[in-house]
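# Residue-level structure breakdown
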Amino acid sequence: QVQLVESGGGLVQPGGSLRLSCVASGRIVSIYDMGWYRQAPGKQREMVATITSAGSTNYAKSVKGRFTVSRDNAKNTVYLQMNSLKPEDTAVYYCNAIILGARSDSVIRKADYWGKGTLVTVSS
């Protein structure tokens, strides 16, 4: 089956940097938009950054200028470079991708896939 696996989360000091990676694997036909979302305790999940297959990006106002989303289409990977991190950035970060791929029963569908999340903690 198609799956997304995030990596790179951890503990970082305010003002520090962290780079998240997300790799899509499985029987993939095409990958469309990819992006990062985050959810802090007691808050709803919010969009952080997205990137189209052509490289167009969109950012939440709270992270614009500090975060950079990029992708390597050949590797089916999306990245999130996070700089000047703030305690308010603390959250579980989820990778998201719109993918045309095969399910376990070999049926091909375009669907919205999510990773399991990686925790980013910004604290001194």
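This report concerns the structure included in the present document.

### Regarding the sheet that holds strand E1 (residues 3–7)
One open sheet accounts for four strands, arranged E1-E3-E8-E7; its pairing is antiparallel. What marks the edges here is a single partner per strand, and that holds for E1 and strand E7 (67–72). Across the sheet, the mean angle separating the axes of adjacent strands is 15° when strand polarity is ignored. Pairing geometry for E7 and strand E8 (residues 77–82), over six bridges, is antiparallel. In the strand pairing of E8, Ser70 is matched with Tyr79.

### Here's the deal with unusual backbone geometry
Within the chain, Ser84 stands out as a residue other than glycine whose phi angle is a positive 50°. Inspection of the secondary structure puts Ser84 in the loop between E8 and strand E9 (91–102). Since its relative accessible area comes to 40%, Ser84 is described here as partly exposed. Phi at Ser106 is positive, roughly 75°, even though this residue is not glycine. For Ser106, the position within the fold is in the loop between E9 and strand E10 (108–114). Judged by its relative accessible area of 43%, Ser106 is partly exposed.

Conventions we followed
- The written sequence of each chain sets the order in which its residues are numbered from 1.
- For this predicted model, a pLDDT threshold of at least 70 governs which residues receive local features, and a threshold of 80 or more governs which side-chain atom pairs are given and counted, while totals over whole chains, interfaces and linings are taken from all residues.
- As a rule here, side-chain values come from all non-hydrogen atoms in the structure, and water together with hydrogens is ignored.
- Strand pairing follows a simple DSSP-based rule, namely that at least 2 bridges must link the two strands.
- Runs of H or I in DSSP of at least four residues are treated as helices and runs of E of at least two as strands, each being numbered from the N terminus.
- Axis angles are defined between N-to-C directions and span 0 to 180 degrees, where every axis is a line fitted to C-alpha atoms and, for a helix, only to the segment in contact.
- Buried means the residue's accessible area, taken with a 1.4 Å probe over protein chains only, is under 20% of the maximum for its type, while exposed means over 50%, and partly exposed covers the values in between.

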